[in-house]
Amino acid sequence: MYPFLRLAKQFHVHRNAAPLPLTGTHVSHHMCWPWDLDPWMELNNGRTLTLLDLGRLPLAKRVGLIGALREQGWGLTMAGVTVRYRRRVRMFDRFQIRSRCVGWDARFIYIEQGMWRGEECCNHALYRSAVTDAKGIVAPARVMEAMGRVTASPPLPGWVSEWIAAEAHRPWPPMAD
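About the cut-offs
Residues numbered from 1 in each chain as written. Predicted model: local features only at pLDDT ≥ 70, side-chain atom pairs only at ≥ 80, totals over all residues. Heavy atoms only, no water. Patch = residues over 30% accessible without salt bridge, like charges linked within 9 Å, V, L, I, M, F, W, Y side chains within 5 Å. Areas by Shrake-Rupley, 256 points an atom, 1.4 Å probe, with all protein chains shown as cover. Salt bridge = Lys/Arg side-chain N within 4 Å of Asp/Glu carboxyl O. Helix = DSSP H or I, 4+ residues; strand = E, 2+ residues; numbered from the N terminus. Buried < 20%, exposed > 50% of the residue type's maximum accessible area, 1.4 Å probe, protein only. Expected span 1.5 Å × (residues − 1). Arc of directions from axis to C-beta. 1 Å grid on protein atoms, 1.4 Å probe; cavity = no way out; pocket = protein on both sides within 12 Å on 5 of 7 lines; lining within 4 Å. Points joined across faces, edges and corners; volume = space filled by probe spheres on them. Nonpolar A, V, L, I, M, F, W, Y, C, P; charged D, E, K, R; others polar. Axes fitted to C-alpha atoms, helices over the stretch in contact; angles between N-to-C directions. Parallel < 35°, antiparallel > 145°, perpendicular 65-115°, else oblique. Left-handed = near helix turned anticlockwise from the far one by under 90°. Contact = heavy atoms within 4.5 Å. Core = buried A, V, L, I, M, F, W, Y, C linked by side-chain atoms within 4.5 Å.

> What should I look at first to understand a nonpolar patch on the surface in this one?
A cluster of nonpolar side chains, Trp33, Trp35, Met41, Met91 and Phe92, forms an exposed patch at the surface whose accessible area comes to about 530 Å². Relative to the assigned elements, Trp35 resides in the loop between strand E1 (25-31) and helix H2 (45-62).

This is the structure:
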């Protein structure tokens, strides 16, 4: 089940947090609960992606995206993700989620997130997100304008650009063999 109560808690905890610049880092604090575990008694990889929402959505609020979505009647979706899992997160481990926008291109906004236990990064994700309306994807330039932040994207880090290029070569639809 989606962690709606945990998400509501994050919005409540950060309700008075200062606005962030577009590429500012939002830090949130969490715990791995028994219902987050897989059969090997560690944080389930799919649940990791769900828990990252708990950092990404408050980030969207703090940079002004949630307000623009509401005003324009737009939605928000994830269009791709790549994740590196490096350290186990076990039951009752406390961790931080650090979330930030690294930039955008003509179609997508790229969000970097990591789960940190102390100074150790347990996993790291790069998301390709899209704002949508009834016609499909809304160009990030239009989104930035609606947020009152008409600005060009900062240069994307090389590893992000390389991931974007690699994804462009990935066949779609996938082969059905």
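> Just to check I follow, could you spell out the pattern of salt bridges for this structure?
Opposite charge on two side chains makes pairing possible when the charged atoms of those side chains draw close. Evaluated as defined, the whole model comprises 11 salt bridges. Across the pair Glu120 and Arg117 runs a salt bridge, and its minimum N-O distance is 3.0 Å. On the basis of relative accessible area, Glu120 is assigned to the partly exposed category, the value being 31%. Accessibility expressed as a relative area gives 24% for Arg117, which makes it partly exposed.

> I keep staring at helix H5 (residues 158-169) and nothing clicks. Help me out?
For an α-helix, 3.6 residues make a turn, and residues three or four places apart therefore share a direction. Here H5 contains 12 residues, and its C-alpha end-to-end distance of 17 Å stays within 8% of the 16 Å for a straight helix at 1.5 Å per residue. For H5, the set of buried residues is Val160, Trp163 and Ile164. One side of H5 carries all its buried residues, which in axial view fall inside an arc of 100 degrees. Turned more than 90 degrees off the buried face of H5, the exposed positions are Glu162 and His169.

> Hey, could you run me through empty space enclosed by the protein in this one?
Any empty space left between the atoms is revealed when a probe the size of a water molecule rolls over them. Tallied over the full model, the rule gives one cavity of 30 Å³ or more. Lining the largest cavity are Gln10, Phe11, His14, Arg15, Pro58, Lys61 and Arg62. Sorting the residues of the lining of the largest cavity by element identifies helix H1 (4-13) and H2 as the ones contributing at least two each. Of the residues forming the lining of the largest cavity, the biggest block, three residues, is contributed by H2. Here the lining of the largest cavity is composed, by residue class, of two nonpolar, two polar and three charged.

> Just checking my understanding: could you explain the packing of H1 against H2 for this structure?
The relative placement of two packed helices is expressed as an angle between their axes plus a distance between the axes. Closest axis-to-axis distance for the H1/H2 pair is 10 Å, and the angle between their directions is 30 degrees. Between H1 and H2, the crossing angle belongs to the class labelled roughly parallel. Seen from above, H1 lies across H2 with right-handed handedness. Here H1 contributes Arg6, Leu7, Gln10 and Phe11 to the contact with H2, which in turn contributes Arg47, Leu51, Asp53, Leu54, Leu57, Pro58 and Lys61. Here the contact of H1 with H2 is composed, by residue class, of six nonpolar, one polar and four charged.

> Any chance you could explain the nonpolar core here in plain terms?
Burial of nonpolar side chains together is a common tendency in soluble globular proteins. Counting 34 residues, the largest nonpolar core has Leu65, Val131 and Met147 as the members making the most contacts within it. Those elements that provide at least two residues to this core are H2, helix H3 (65-72), strand E3 (94-104), strand E4 (109-117), strand E5 (120-133) and helix H4 (140-146). In terms of residue count, the dominant contributor to this core is H2 (six residues). What Met147 contacts, discounting residues up to four positions off in sequence, is Leu22, Val63, Gly64, Leu65 and Ala68. Counting residues in each nonpolar core, the second largest holds eight residues, with Phe108, Tyr110, Trp163 and Ile164 among its members.

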